[in-house]
Amino acid sequence: DGGITQSPKYLFRKEGQNVTLSCEQNLNHDAMYWYRQDPGQGLRLIYYSQIVNDFQKGDIAEGYSVSREKKESFPLTVTSAQKNPTAFYLCASSKDRTPSYEQYFGPGTRLTVT
Amino acid sequence: AQSVTQPDIHITVSEGASLELRCNYSYGATPYLFWYVQSPGQGLQLLLKYFSGDTLVQGIKGFEAEFKRSQSSFNLRKPSVHWSDAAEYFCAVTGGGNKLTFGTGTQLKVEL
């Protein structure tokens, strides 16, 4: 079955450490996205990529970095510069950037930094 | 800039009762509108979407939504709620690109 895989489901880190969240899709989608979800704030876009080797900042990119070396993979690194990294992170993909193509979401990774 | 307002943070309905979740958007041109549902600790699942044409759209799980341009609204409805519908619901909007702007969500509780 096609879908989006995010691992791990729960992640714990000490403050000051960088951490990388995995996102893999086998839907053959060109576009991929990272969102951050906090209680009562909905989803906010961190980064998105519309094609391999290209990505753009979203609304809250500070303290995060991404890469898109393969079509299937879009890992997100939460750096020590991110002031409040504890959150639920969701990866999504869509066939391309055309808005008529829906975004499919992975199950999410809950990151806790102490 | 586009924006979405979901005025109800929490809603409680009895099983079998009808449901309406409100969504108001702000966008200068014709928007693309979506409703997603999220179960606790899970990703989002698309319920329905509106791009153009018929302003009443049907989705999965018996949900429908009506686009009203004059009111800048895209309210989600279901005639009879099931206990399994308890979840968080998000309205989202985009213009010509693929950057979705989400509302803050409405948490639905279903009383048996």
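Refer to the structure above for everything that follows.
Residues numbered from 1 in each chain as written. Chains lettered and ligands numbered in written order. Predicted model: local features only at pLDDT ≥ 70, side-chain atom pairs only at ≥ 80, totals over all residues. Heavy atoms only, no water.

A. Local environment of the overall build of chain B. Within chain B one finds 0 helices and 12 strands. Counting every position in chain B, which comprises 112 residues, the buried fraction comes to 46%. Taking the contacts inside chain B whose residues are at least 6 apart along the sequence as the reference set, 53% of them involve residues at least 24 apart. Here chain B displays about 5,200 Å² of accessible surface, and carbon together with sulfur accounts for 48% of that area. (Helix = DSSP H or I, 4+ residues; strand = E, 2+ residues; numbered from the N terminus. Buried < 20%, exposed > 50% of the residue type's maximum accessible area, 1.4 Å probe, protein only. Contact = heavy atoms within 4.5 Å. Areas by Shrake-Rupley, 256 points an atom, 1.4 Å probe, with all protein chains shown as cover.)

B. Molecular detail of the state of the cysteines. Applying the stated criterion to the full structure yields 2 disulfides over all chains. The disulfide partner of Cys23(A) is Cys91(A), and the S-S distance across this bridge is 1.8 Å. Because the sign of the S-S torsion sets the handedness, a value of about -70 degrees for the bond joining Cys23(A) and Cys91(A) places this disulfide among the left-handed ones. Here Cys91(A) lies in strand β9 (residues 87-94) and Cys23(A) lies in strand β3 (residues 19-25), a separation of 68 residues in the sequence. By relative accessible area, which is 1% here, Cys23(A) ends up buried. A disulfide bridge connects Cys23(B) with Cys91(B), and the sulfur atoms are separated by 2.0 Å. In this structure the cystine formed by Cys23(B) and Cys91(B) twists about its S-S bond by roughly -65 degrees; its chirality is therefore left-handed. Taken together, the residues span a long stretch of sequence, with Cys23(B) in the loop between β3 (19-21) and β4 (24-26) and Cys91(B) in strand β10 (residues 87-94) at a distance of 68 residues. Summarising the burial analysis for this pair, Cys23(B) and Cys91(B) share the class buried. (Disulfide = S-S within 2.5 Å.)

C. Quick peek at unusual backbone geometry. Omega for the peptide link from Ser7(A) to Pro8(A) comes to -10 degrees, which places this bond in the cis form. Although it is not a glycine, Asn53(A) adopts a positive phi angle of roughly 65 degrees. Mapping Asn53(A) onto the fold places it in the loop between β5 (43-51) and β6 (54-57). According to the relative accessible area criterion, Asn53(A) is exposed, its value standing at 62%. One non-glycine residue with positive phi stands out, namely Ser72(B), at about 50 degrees. Tracing the backbone shows Ser72(B) in the loop between β8 (64-68) and β9 (73-78).

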